[in-house]
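Chain and residue survey
What follows is the residue order along each chain.
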Amino acid sequence: DQQVKQNSPSLSVQEGRISILNCDYTNSMFDYFLWYKKYPAEGPTFLISISSIKDKNEDGRFTVFLNKSAKHLSLHIVPSQPGDSAVYFCAASAFTGNQFYFGTGTSLTVIP
Amino acid sequence: NAGVTQTPKFRILKIGQSMTLQCAQDMNHNYMYWYRQDPGMGLKLIYYSVGAGITDKGEVPNGYNVSRSTTEDFPLRLELAAPSQTSVYFCASSAGVSSYNSPLHFGNGTRLTVT
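Attention here is on the structure that accompanies the text. What you see is a predicted model, and the numbers here were worked out from it, not measured in a lab.

Observations regarding the interface of chain A and chain B
Contacts between the two partners involve 25 residues from chain A and, on the opposite side, 25 residues from chain B. Summing both partners gives a buried area of about 2000 Å² for chain A against chain B, and 58% of it is carried by carbon and sulfur. Here chain A is connected to chain B by 0 salt bridges. The tally of links between chain A and chain B comes to 4 residue pairs in polar contact (both at pLDDT 80 or more). Those elements that place two or more of their residues in the side of chain A that touches chain B are β4 (32-38), β5 (45-51), β9 (86-93) and β10 (101-102) of chain A. Considering every element that reaches the side of chain A that touches chain B, the biggest residue donor is β4(A), with 4 residues. In terms of residue class, the side of chain A that touches chain B is built from 12 nonpolar, 10 polar and 3 charged.

Laid out in structure tokens, this is it:
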């Protein structure tokens, strides 16, 4: 049972435009959400996170939005750069738990 | 600052062989995890540990064993390798007593093929 879902396997965006990656979750106990970026032949690297007490968190070109009522989060990248081309995973965990649950990933291609 | 180090990077096993995937971290993290990633799939948790001497099963533990004798090391043992264990294995660590503000730090993975 996939508790964290990324329904778009791939996304292509022109350089300079906004990239929006989406993620849905089913477990209402989740209260900490993260985005990871993964290049081929490397491990995932942490990008940005948000706790359930917030609905937005920004770090430079990256902003994560959380809609708890819809159990939905999104990652916005503005402006998109060719170096952002990678697979992006969202993940979630519950304060009372010890595990992180991952989505299946979205492959982002930024076209120069 | 090495972070999380996994060895080997690649390995080919024959069916029925066994091997140990090594993982070490130098961040003094209490929490360590083993994930596998299959093509087109997300990361599935195999086993995790919240401290030396303590391990617990994740979503897909069958066919694997772990031990945690030190804070730094968390080896993953495959007994009687099967083709279904062909995957990329990632080790990760985290500082958190709780999950807040304690993201996972990943190693670069071990690509395992069982034929």
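There is more to say after this.
Description of a nonpolar patch on the surface
All names here are of chain A. On the surface, I18, I20 and V78 cluster together into a nonpolar patch covering about 230 Å² of accessible area. Within the element layout of this structure, I20 appears in strand β3 (residues 19-25). Exposure remark for I20: the relative accessible area of 39% places this residue in the partly exposed category.

A short note on the sheet that holds β3(A)
Note: strands within a sheet are paired through backbone hydrogen bonds, in either parallel or antiparallel orientation. Residues and elements named next belong to chain A. Taken together, the 5 strands give an open sheet; going across it, the order is β1-β3-β8-β7-β6, and neighbouring strands pair in antiparallel fashion. With one partner strand each, in any of the chains shown, β1 (4-5) and β6 (56-59) form the two edges of the open sheet. Sheet analysis places β6 next to strand β7 (residues 62-67), joined by 4 bridges and oriented antiparallel. Residue pairing across strands places E58 opposite T63, the latter belonging to β7.

Some words on unusual backbone geometry
Of the consecutive residues A:V78 and A:P79, the connecting peptide bond is found in the cis state with omega at -10°. Note that A:P79 resides in the loop between β8 (72-77) and β9. Look at the link from B:T7 to B:P8: it is a cis peptide, with omega at -5°. Mapped onto the secondary structure, B:P8 falls in the loop between β1 (4-7) and β2 (10-13). Positive phi is not limited to glycine here, since A:K71 has a value of about 50°. Of note, A:K71 is situated in the loop between β7 and β8.

Overview of the nonpolar core
Core analysis: the largest hydrophobic core is formed by 25 residues, its most contacted members being A:V4, A:F30, A:F33, A:W35, A:L73, A:L75 and A:Y88. Mapped onto this core, the elements with two or more residues apiece are β3, β4, β5, β7, β8, β9 and β11 (106-111) of chain A. For this core, the leading source of residues is β9(A), giving 4 residues. In terms of nonpolar packing, the next biggest core, distinct from the first, is built from 19 residues, B:L78, B:A81, B:C91 and B:V114 among them.

Scoring rules and cut-offs
Residues numbered from 1 in each chain as written. Chains lettered and ligands numbered in written order. Predicted model: local features only at pLDDT ≥ 70, side-chain atom pairs only at ≥ 80, totals over all residues. Heavy atoms only, no water. Contact = heavy atoms within 4.5 Å. Buried area = accessible area lost by both parts, 1.4 Å probe. Salt bridge = Lys/Arg side-chain N within 4 Å of Asp/Glu carboxyl O. Polar contact = N/O pair within 3.5 Å; in protein donor to acceptor, adjacent residues only side chain to side chain. Helix = DSSP H or I, 4+ residues; strand = E, 2+ residues; numbered from the N terminus. Nonpolar A, V, L, I, M, F, W, Y, C, P; charged D, E, K, R; others polar. Patch = residues over 30% accessible without salt bridge, like charges linked within 9 Å, V, L, I, M, F, W, Y side chains within 5 Å. Areas by Shrake-Rupley, 256 points an atom, 1.4 Å probe, with all protein chains shown as cover. Buried < 20%, exposed > 50% of the residue type's maximum accessible area, 1.4 Å probe, protein only. Pairing = 2+ DSSP bridges. Core = buried A, V, L, I, M, F, W, Y, C linked by side-chain atoms within 4.5 Å.

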